[in-house]
2 protein chains.
Amino acid sequence: MSNPRYQQIAEDLRAQIETGSLKPGQQLRTEIELRDHYDASRNTVRDAIKWLMTLGLVETKPGQGTFVVQKIDPYITNLTDNPKVPTLYGEVEPSAAGKIEVEGKDRILESTEPQIEIQKASAPVASSLQVKEGSQVISRHQKRYIDETPWSMQTSFYPMGFVLKGADKLIQADDIEIGTVKYLADTLGLKQVGYRDWITVRAPDPNEATFFKLPPDGRVAVFEIFRIAYDQTGTPMRLTITIFPTDRNQFIVNVGQVPDDPVG
Amino acid sequence: MSNPRYQQIAEDLRAQIETGSLKPGQQLRTEIELRDHYDASRNTVRDAIKWLMTLGLVETKPGQGTFVVQKIDPYITNLTDNPKVPTLYGEVEPSAAGKIEVEGKDRILESTEPQIEIQKASAPVASSLQVKEGSQVISRHQKRYIDETPWSMQTSFYPMGFVLKGADKLIQADDIEIGTVKYLADTLGLKQVGYRDWITVRAPDPNEATFFKLPPDGRVAVFEIFRIAYDQTGTPMRLTITIFPTDRNQFIVNVGQVPDDPVG
DNA sequence: GGGTATTTGTCCGTATGTATT
DNA sequence: AAATACATACGGACAAATACC
């Protein structure tokens, strides 16, 4: 009938957090103090704290203490911005040292220089681009920061044929200042007329956890968003996979007629 | 330099899972066997298993053992379906015992009867519907199942004024067979011309964890999607909040011209 | 249905390591 | 360097859930 001891302790602390008795950023009592207060063992108190950690309510800092988590001011990305207008998401590759105003909040967006690889198409990449599995594709990878905190990891895949037909800049490790969308339109006549986003959530892999400074145990999940862009013939011209931590990112989708974004 | 013992053990098991040496659904060796195999204590082995659990790689069943998780065949929801067409998502309230073919897969969609409440608008509800905080709103809550497994929890909020102006069915605890979108158009002349979705991810609360049969420690997150629907004057006419577990749900967003969904 | 063996869950105590102040 | 606080690791005991006979 009754929950285990460590859950009871966790519930008690949780209540204090949710009523505001313990405020965001505030330090909890130490494990020893909590052990005495609840008349339990230190390990049981630690089990309670672990429970609150996977719920995302507290975080521990060795040598310092246990703290109520501060919610991060979220980054909001609109997935349905008109693709003719430069957007944050994938359409434009801003210069490696570029500065952009984000959400009207004077945030600074920075990107690493694209890391280019020629790869053999894995099964999901091949089926997305409608090329044969194992055929060559161009992979352009960038890491992005907002206000110097890691924001997203993005990899775009293009069929190798694009380069052979004249879009050489795709395999140069520089930003394409005008954006790849316009570049492909200019050089190959490929117009992007639409895209499909596919939104999933999963635990981060160790690479991602390190880059985003997430706890390595996977308790903070990441969005994995697949964007397949189509040209005027309905053929896939690009696959872009972007990873965003769920603790600091939210998305907006507009359909039909809606008032202007209230963001900012 | 070297990782702690329990992480090393976790990495070893993780490698076995990812190489397919341990297959989905397969039982791991018991904690006692693993303790002997790794020459560690049982608690250290358990820490390794906990690590793999929050990564979503294994699950434990008391009295039975530890198993590699089976990925659930995901439900895919299109957020940009034409709202004039009945869709799964919020536009139509199917009959409580209704059956619908989902994704061409003959899945059965069931909904509980709407649970109606008259509430005072909380701050987020009030600002979404552009009514005064504390003013009365109608809340219609439904739980939905696909193939008898819990799929989503949905709550729609409408301004109380709609009922006073003649849309009485909003406060009746029955399904509105023609759908609330058409009902409001017929009775009040309110045409839904668009909507905005706002996608967030967070840990489930205890209610949600129970309904979706998620582990209560919050290691499986939930999508929380806010949909604000607008009428022809650009005024919000509905706020719908839907909760989906992230372990069995994915979303599609189409922008511009894209080929038909390959789903199904 | 009952009893027993198996397996994971809870809880304790203790010792030592590591990060921070 | 010392003190503080969390992290890792061990060992043991009993409880609770499940499966099987």
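Our subject is the structure listed above.
The rules behind these values
Residues numbered from 1 in each chain as written. Chains lettered and ligands numbered in written order. Predicted model: local features only at pLDDT ≥ 70, side-chain atom pairs only at ≥ 80, totals over all residues. Heavy atoms only, no water. Contact = heavy atoms within 4.5 Å. Buried area = accessible area lost by both parts, 1.4 Å probe. Salt bridge = Lys/Arg side-chain N within 4 Å of Asp/Glu carboxyl O. Axes fitted to C-alpha atoms, helices over the stretch in contact; angles between N-to-C directions. Helix = DSSP H or I, 4+ residues; strand = E, 2+ residues; numbered from the N terminus. Parallel < 35°, antiparallel > 145°, perpendicular 65-115°, else oblique. Left-handed = near helix turned anticlockwise from the far one by under 90°. Nonpolar A, V, L, I, M, F, W, Y, C, P; charged D, E, K, R; others polar. Near = heavy atom within 4 Å. Polar contact = N/O pair within 3.5 Å; in protein donor to acceptor, adjacent residues only side chain to side chain. Buried < 20%, exposed > 50% of the residue type's maximum accessible area, 1.4 Å probe, protein only. Least-squares fit on C-alpha atoms with pLDDT ≥ 70 in both. Phe/Tyr/Trp six-rings, centres within 6.5 Å; stacked < 30°, edge-to-face > 60°.

Novice: How do you make sense of the interface of chain A and chain B when you look at a structure like this?
Specialist: The accessible area lost on association of the parts is a frequent measure of interface size. Contacts between the two partners involve 41 residues from chain A, matched on the other side by 41 residues from chain B. Of the roughly 3,600 Å² buried between chain A and chain B on both sides combined, carbon and sulfur atoms contribute 59%. The largest share of the area that chain A buries against chain B comes from Arg 196, Val 253 and Val 255 of chain A, three residues that together contribute 18% of it. One can count zero salt bridges joining chain A with chain B.

Novice: Before we go on, may I ask you to explain the packing of helix α1 (residues 5–18) of chain B against helix α3 (residues 42–54) of chain B in this structure?
Specialist: Helix-helix packing: each pair is described by the crossing angle between the helix axes and the interaxial distance. Residue and element names in this part refer to chain B. With their axes 8 Å apart at the nearest point, α1 and α3 run at an angle of 55° to one another. Viewed along their axes, α1 and α3 adopt a mutual orientation that is oblique. Between α1 and α3 the crossing geometry is right-handed. Only Thr 44, Asp 47, Ala 48, Trp 51 and Leu 52 of α3 make contact with α1, whose side of the interface consists of Arg 5, Tyr 6, Gln 7, Ile 9, Ala 10, Leu 13 and Arg 14. Of the residues contributing to the contact of α1 with α3, the split by class is seven nonpolar, two polar and three charged.

Novice: In this structure, what is going on with the protein's contact with DNA strand C? I would like to understand it.
Specialist: Taken together, 21 residues lie near DNA strand C, and Arg 5, Asn 43 and Thr 44 of chain A together with Arg 42 and Thr 60 of chain B sit nearest. Each atom of DNA strand C within 4 Å of the protein was classed as base or backbone; sugar and phosphate made up 69%. In this structure, Ser 41 of chain A approaches DNA strand C through a main-chain N or O atom, which is 3.0 Å from a phosphate oxygen. In the model, a phosphate oxygen of DNA strand C is placed 3.4 Å from a nitrogen or oxygen of the Thr 66 of chain B side chain. If you list the elements that add at least two residues to the surface near DNA strand C, you get α1 (5–18) and α3 (42–54) of chain A together with α3, β1 (58–61) and β2 (65–68) of chain B. Partitioning the surface near DNA strand C into residue classes produces five nonpolar, 11 polar and five charged.

Novice: Which parts of the structure should I look at to understand unusual backbone geometry?
Specialist: Leave glycine aside and you will find that most residues have negative phi; peptide bonds, for their part, are mostly trans. Here Asp 147 of chain A, not a glycine, exhibits a phi torsion of approximately 50°, which is positive. Inspection of the secondary structure puts Asp 147 of chain A in the loop between β6 (136–146) and β7 (149–159). Even without being glycine, Asp 39 of chain B reaches a positive phi, approximately 50°.

Novice: Is there a simple way to think about the protein's contact with DNA strand D in this case?
Specialist: DNA strand D sits among 22 residues. The nearest are Arg 46 and Thr 60 of chain A together with Arg 5, Asn 43 and Thr 44 of chain B. The contact in question runs from a phosphate oxygen of DNA strand D to an N or O atom on the side chain of Thr 60 of chain A, over 2.7 Å. Looking at the surface near DNA strand D, the elements that each hand over two or more residues are α3, β1 (58–61) and β2 (65–68) of chain A together with α1 and α3 of chain B. Per-element accounting of the surface near DNA strand D gives the leading share, three residues, to α3 of chain B.

Novice: What should I look at first to understand the pattern of salt bridges in this one?
Specialist: When their charged atoms lie close together, side chains carrying opposite charge are able to pair. The full count for this structure, using the stated rule, is 24 salt bridges over all chains. In this structure, the salt-bridge partner of Glu 224 of chain A is Arg 202 of chain A, at a minimum N-O distance of 3.0 Å. Taken as a pair, Glu 224 of chain A in strand β9 (residues 222–231) and Arg 202 of chain A in strand β8 (residues 192–202) lie far apart in primary sequence, 22 residues in all. With a shortest N-O distance of 2.9 Å, Asp 247 of chain B and Arg 248 of chain B are connected by a salt bridge. Note on Asp 247 of chain B: relative accessible area 31%, which makes it partly exposed. Taken together, the shared-partner salt bridges connect Glu 11, Arg 14 and Glu 18 of chain A into one network.

Novice: Would you mind going over the environment of Tyr 75 of chain B with me for this structure?
Specialist: Residues and elements named next belong to chain B. By secondary structure assignment, the location of Tyr 75 is in strand β3 (residues 75–78). Take Tyr 75: its relative accessible area is 5%, and that puts it in the buried class. Residues Tyr 75 and Phe 251, spaced 176 residues apart in sequence, show a C-alpha to C-alpha distance of 8.3 Å. Looking at Tyr 75, its side chain comes within polar contact range of the side chain of Thr 149, at 2.9 Å.

Novice: I would appreciate a short explanation of the relation of the copies chain A and chain B in the present structure.
Specialist: The two chain copies are related to each other by a rotation about an axis together with a translation along it. Overlay of chain A on chain B (RMSD 0.1 Å): rotation 180°, translation along the axis 0.0 Å. Such a combination of rotation and displacement between the chain copies is what one expects of a two-fold axis. Closest approach to the rotation axis within chain A is made by the C-alpha atom of Arg 219 of chain A, at a distance of 3.0 Å. Same-surface contact between copies: 100% of interface residues of chain A are shared with the interface of chain B.

Novice: What should I look at first to understand the packing of aromatic side chains in this one?
Specialist: Aromatic ring pairs are defined here through the distance separating the ring centres and the angle between the ring planes. All names here are of chain B. As enumerated under the stated definition, the model contains 14 aromatic pairs over all chains in all. Centre to centre, the rings of Tyr 145 and Phe 211 are 5.5 Å apart; their planes meet at 75°, and the pair counts as edge-to-face. Taken together, the residues span a long stretch of sequence, with Tyr 145 in strand β6 (residues 136–146) and Phe 211 in helix α7 (residues 206–212) at a distance of 66 residues. What makes Tyr 145 partly exposed here is its relative accessible area of 24%. In this structure Phe 211 comes out as buried when scored by relative accessible area, which is 12%.

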